[in-house]
Amino acid sequence: MGILDNLFMQRAFAAGIMIAVITPLIGTVSVTKRLSMIGEALSHTSLAGVAAGLLLNINPVLGAAVFCVFAALCIDAVRKKIPRYSELSIAIIMSAGLGTAALLSGYVQTPRSFNSFLFGSILLISRDEMIITAVISVIVILSFIFFYKEFFYIAFDERAARLSGVKAGLMNLFFTLLTAITVSAAARIAGALLVSSLMVIPAACGLLLQKSYKKTLIFSVLFAVGFTVTGLVMSFYIKGLKASAAIVLLGIICFVIILL
C-alpha cells in the first residue's frame, strides 16, 4: 500500500477512478447509437481548447471544456441538417478541431504543457483539475440516474422514443453536451489522443459479455475502473511506462481475450 503514500498517486487514483466511471457510461450510449467516433472528434477539438487556454493564461481544462461544448453543439446542428449522413458531422468537426489545434499550438510558449495533453498526464493532475473532474463526474452520474430511461430510448430507437413521449431532440443535445464535458475532463488524464479509447473499449468489452443495457453499463464501468487501477499501479512500478498507455493497452488485451 506504499503506493498511496504519495500525494500525486492519491490524486491520480481519485481522478482516474472518477473518469473511469463516467467515460464508459457515455461510451456505451455512443456505441449503441453508432456514434462511437464522437469522442474522437471532441477529444481532438479539446486540443484546440488546451492551446487557447495556454495562450490566454487560463486553466487548459476549462479551455478544452469550452471548445468541446462548442464542437458538440456544431455536431448536433450539422446532424440535423444532413440526418441521412450524420456521421459526416463528426468528421467535419474533427477536421476543424485538428486544424485549429495545429494553428494555435504554433503560438504556445510552453510546448511541454501542450504536449502533456496529447497522451495524458494523470500523475501531474493539480488540485483545481481534481475539483473540475469531481464536479463533472457528479453531473454525469446524476444525469444517468435521473434520465436513465430517456438515454435508453435514444440509444436504441429515437422514433420509439418520440412515440413514448421522450423529447429525443432535447435529450440528444443534452447527451452531446455531457459527452463534451466528459471528454474535456478526461483529456488531461487519459490524453486527447487516447480518451476515446477509454470511452469505447470498456463499452465494447461489456457488450461482448452482456445482452442487457443495464448490465452492459455496469460491466463497462467495472472494466474501465479495473484497467485504470491496474494501469496506474503498473506505471508506478515500471519505469518509463505512461499510465494512459498502460490503461488503453490493458483494455485492448482484455477485449481481444474476450473476443477470442
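The structure under discussion appears in the preceding block.
Source: prediction; values computed, not measured.

### Description of the overall build of the chain
Stage number 1. Within the chain one finds 12 helices and 0 strands.
Stage number 2. Each helix and strand of the chain, ordered N terminal to C terminal, gives the series α-α-α-α-α-α-α-α-α-α-α-α.
Stage number 3. A globule of 260 residues ought to have a C-alpha radius of gyration of about 18 Å, and the chain, at 18 Å, matches this closely.
Stage number 4. Look at the contacts in the chain between residues 6 or more apart in sequence, and 75% of them connect residues 24 or more apart.
Stage number 5. Total accessible area computed for the chain in this model is approximately 12500 Å², and 69% of it derives from carbon and sulfur atoms.

### Notes on the side chain of Thr 32
Stage number 1. Here Thr 32 is to be found in helix H1 (residues 7-32).
Stage number 2. With relative accessibility at 13%, the residue Thr 32 sits in the buried group.
Stage number 3. Apart from the residues lying within four places of it in its own chain, the contact partners of Thr 32 are Ala 155 and Phe 156.

### Topic: the environment of Met 234
Stage number 1. In this fold, Met 234 is placed in helix H11 (residues 213-237).
Stage number 2. What makes Met 234 partly exposed here is its relative accessible area of 28%.
Stage number 3. In the structure, Met 234 is positioned 13 residues away from Ile 247 in sequence and 9.2 Å away in space, judged by C-alpha atoms.
Stage number 4. Setting aside anything within four residues of it in sequence, one finds Met 234 in contact with Leu 241 and Leu 250.

### Regarding the nonpolar core
Stage number 1. Judged by nonpolar contacts, the single largest core of 53 residues is most densely connected at Leu 42, Phe 144 and Phe 151.
Stage number 2. Sorting elements by how many residues they give to this core places helix H9 (residues 168-190) first, with 11 residues.
Stage number 3. By size, the runner-up hydrophobic cluster in this structure holds 6 residues, among which are Ile 3, Ala 12, Phe 13 and Leu 232.

### With respect to the packing of aromatic side chains
Stage number 1. Counted by the stated rule, this structure contains 11 aromatic pairs.
Stage number 2. Plain terms: the ring middles of Tyr 148 and Tyr 213 are 5.6 Å apart, the flat faces sit at 50° to each other, and that makes the pair tilted. On the criterion of sequence distance, the pair formed by Tyr 148 in helix H7 (residues 148-156) and Tyr 213 in helix H11 is long-range, its members being 65 residues apart.
Stage number 3. Look at Tyr 148 and you get partly exposed, because its relative accessible area is 31%.
Stage number 4. Geometrically, the ring pair formed by Phe 152 and Tyr 153 is edge-to-face, given 6.2 Å between the ring centres and 70° between the ring planes.
Stage number 5. Exposure remark for Phe 152: the relative accessible area of 34% places this residue in the partly exposed category.
Stage number 6. Through pairs of rings, three or more aromatic residues link up here, namely Phe 144, Phe 147, Phe 151, Phe 174 and Phe 175.

What counts, and at which threshold
Residues numbered from 1 in each chain as written. Predicted model: local features only at pLDDT ≥ 70, side-chain atom pairs only at ≥ 80, totals over all residues. Heavy atoms only, no water. Helix = DSSP H or I, 4+ residues; strand = E, 2+ residues; numbered from the N terminus. Rg over C-alpha atoms; globule rule 2.2 N^0.38 Å. Contact = heavy atoms within 4.5 Å. Areas by Shrake-Rupley, 256 points an atom, 1.4 Å probe, with all protein chains shown as cover. Buried < 20%, exposed > 50% of the residue type's maximum accessible area, 1.4 Å probe, protein only. Core = buried A, V, L, I, M, F, W, Y, C linked by side-chain atoms within 4.5 Å. Phe/Tyr/Trp six-rings, centres within 6.5 Å; stacked < 30°, edge-to-face > 60°.

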